[in-house]
Amino acid sequence: MSRFPVSVGRLPDEALLSGLATGDPELAVTFVRRFQHTVFGVAIAVIGDPQLAEDIAQQTFERAWRYAQIYDARRGSVRTWLMAIAHNLAIDAVRSRRPEPVAPEDLDAMLGVIGETPEQHALATEASSQLRAAVAELPREQGRALVMAGIYGMTAQQIADWEKIPLGTAKTRIRTAMGKLRTTLASPNRGDHGK
């Protein structure tokens, strides 16, 4: 029988987070159950590996438990805060892995994820949302080169080898994509897509 006057499942997210911070097992279990699918969804969208995504989800809840006392509701909802933790951990995991070649069809799917998933939109600040939209508008080969360099940490030579293009072409694609992003994001009408 629950010790709480209302069903634990009906408690607000902030109350569950506070319960997590105090170590209350009933509140902690409810907190994890409420957010486990969302956290795992963010991790799998970034990583693509279910086992590693499970590890990231577990690390996310451990970090939430450790830092629950410094959560600031003025900076966003508990859900958004957790999704940001999961996203950051997943990106760190991707960066720490040895760069592996990415199949072109996988990269195309990843570029689609950048601009389309609800998790990404919920996580996004206005600036990151604009960045994702700008990347999605790049010509496909420039977007691919930019993502390979920026997310996978591949060098221009590695991109050239993978794409089977000259090194100068790889460098040009990256440089051109960066220039277009700078121009798009620096534009005073960057929120206005009616050109």
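The structure we're discussing is the one just above.
### Overview of the overall build of the protein chain
- Counting its regular elements, the protein chain contains 10 helices and 0 strands.
- Its helices and strands taken in sequence order, the protein chain reads α-α-α-α-α-α-α-α-α-α from the N to the C terminus.
- Contacts spanning at least 24 positions in sequence make up 60% of the contacts within the protein chain whose residues lie at least 6 apart.

### Some words on the packing of aromatic side chains
- The full count for this structure, using the stated rule, is 2 aromatic pairs.
- Seen in terms of ring centroids, F31 and F61 are 6.1 Å apart; in terms of plane orientation they differ by 85°. Their pairing is edge-to-face. With F31 in helix α2 (residues 25-47) and F61 in helix α3 (residues 50-67), the pair connects residues that are 30 residues apart, well separated along the chain. In this structure, F31 and F61 share a single accessibility class: buried.
- Members of the aromatic cluster, each reached through a chain of ring pairs, are F31, F35 and F61.

### Comments concerning unusual backbone geometry
- Despite not being glycine, K164 has its phi angle at roughly 60°, a positive value.
- Considering the arrangement of structural elements, one finds K164 in the loop between α9 (156-163) and α10 (167-186).

### Structural notes on the nonpolar core
- If you look at the biggest cluster of nonpolar residues, it comprises 32 residues, and the most contacted ones within it are L17, F31, I47 and L82.
- For this core, the secondary-structure elements that each account for two or more residues are α1 (13-22), α2, α3 and α4 (78-96).
- The biggest single contributor to this core is α4, with 11 residues.
- M148, M154, A156 and A170 belong to the second-largest nonpolar core, a separate cluster that totals 9 residues.

### Side note on α9
- Turning to α9, its buried residues are A156, I159 and A160. Projected down its long axis, α9 shows its buried positions confined to an angular sector of 100°, all on one face.
- Close packing links the buried residues of α9 with α8 (140-150) and α10.
- Just downstream of α9 lies K164, where phi reads positive at about 60°.

### Considerations on the packing of α9 against α10
- Between α9 and α10, the least distance of the axes is 8 Å, while the angle of their chain directions is 115°. In terms of orientation, α9 and α10 fall into the roughly perpendicular class. Of the two elements, α9 crosses α10, and the hand of that crossing is right-handed. The residues of α10 that touch α9, namely those facing A156, Q157, I159, A160 and E163, are L167, A170, K171, R173 and I174.
- When its residues are assigned to classes, the contact of α9 with α10 shows 6 nonpolar, 1 polar and 3 charged.

Procedures and definitions
- Residues numbered from 1 in each chain as written.
- Predicted model: local features only at pLDDT ≥ 70, side-chain atom pairs only at ≥ 80, totals over all residues.
- Heavy atoms only, no water.
- Helix = DSSP H or I, 4+ residues; strand = E, 2+ residues; numbered from the N terminus.
- Contact = heavy atoms within 4.5 Å.
- Phe/Tyr/Trp six-rings, centres within 6.5 Å; stacked < 30°, edge-to-face > 60°.
- Buried < 20%, exposed > 50% of the residue type's maximum accessible area, 1.4 Å probe, protein only.
- Core = buried A, V, L, I, M, F, W, Y, C linked by side-chain atoms within 4.5 Å.
- Arc of directions from axis to C-beta.
- Axes fitted to C-alpha atoms, helices over the stretch in contact; angles between N-to-C directions.
- Parallel < 35°, antiparallel > 145°, perpendicular 65-115°, else oblique.
- Left-handed = near helix turned anticlockwise from the far one by under 90°.
- Nonpolar A, V, L, I, M, F, W, Y, C, P; charged D, E, K, R; others polar.

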